[in-house]
Amino acid sequence: MNKSAVLAQILSVLTAELAALTRAAQGAFAAATDPDSKAENKYDTRTLEASYVARGQAQRVAELQQAVQAFGALSGNELEPGAAVTLGALVGLSLPGEVAHYFLGPFAGGTEVVHEGREVVVITPASALGQKLMGKRAGDVIPMQPGLSAKITTVQ
């Protein structure tokens, strides 16, 4: 699996999501500040609700901008053989009946991309799995859930 291509795909997904959310945030801001959306009576809360939506979307845009910047700063270079799992690592885990692939990223946990027909899920060091993987090396076994463990097959 090509780590730099996976990183490029993650950046592409985040950039597209950022563009779509930026447009939505601009629309919500326009709705919240539109003079025609003035309250018609004391119980009309449309403007207030629109301002809450605009604020939430603006915060999400800021988070995505930070994620795009952080992923852009990561190196797509392969790690040395025997290297420990660290931020920016592409990790393969052997589970019963499958091999799962994870990219340890600074943000955007849960983002999924498909590379070479295989799903790669972004996890962060703050996630439970991320905490278990940090510092481990290929060949190490980590507990997944009671009675189930996974072997780290690759660290790139």
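Refer to the structure above for everything that follows.
On to the sheet that holds strand β4 (residues 118-123), then. Whether parallel or antiparallel, the strands of a sheet pair through hydrogen bonds between backbone atoms. The strand order across the open sheet formed by 6 strands is β3-β4-β2-β1-β6-β5, and the pairing between neighbours is mixed. The open sheet is flanked by β3 (112-115) and β5 (141-145), the only strands paired with a single partner. Here the average twist between neighbouring strands, direction ignored, is 35 degrees. By the bridge criterion, 4 bridges tie β5 to strand β6 (residues 148-155) in an arrangement that is antiparallel. Note on β6: the bridge partner recorded for Gln145 is Leu148. The sheet strands contacting helix α1 (residues 3-33) are β1 (90-95), β2 (98-104), β3 and β4, and the helix crosses β3 at an angle near 140 degrees.

What follows is about the pairing of β6. Alignment of β1 against β6, held across 4 bridges, turns out to be antiparallel. The residue bridging Val91 from the neighbouring strand is Val155, located in β6. Taking the residues between adjacent antiparallel strands as the criterion, β5 and β6 are bridged by 2 residues, where Gly147 takes a positive phi near 85 degrees.

Scoring rules and cut-offs
Residues numbered from 1 in each chain as written. Predicted model: local features only at pLDDT ≥ 70, side-chain atom pairs only at ≥ 80, totals over all residues. Heavy atoms only, no water. Pairing = 2+ DSSP bridges. Helix = DSSP H or I, 4+ residues; strand = E, 2+ residues; numbered from the N terminus. Axes fitted to C-alpha atoms, helices over the stretch in contact; angles between N-to-C directions. Contact = heavy atoms within 4.5 Å.

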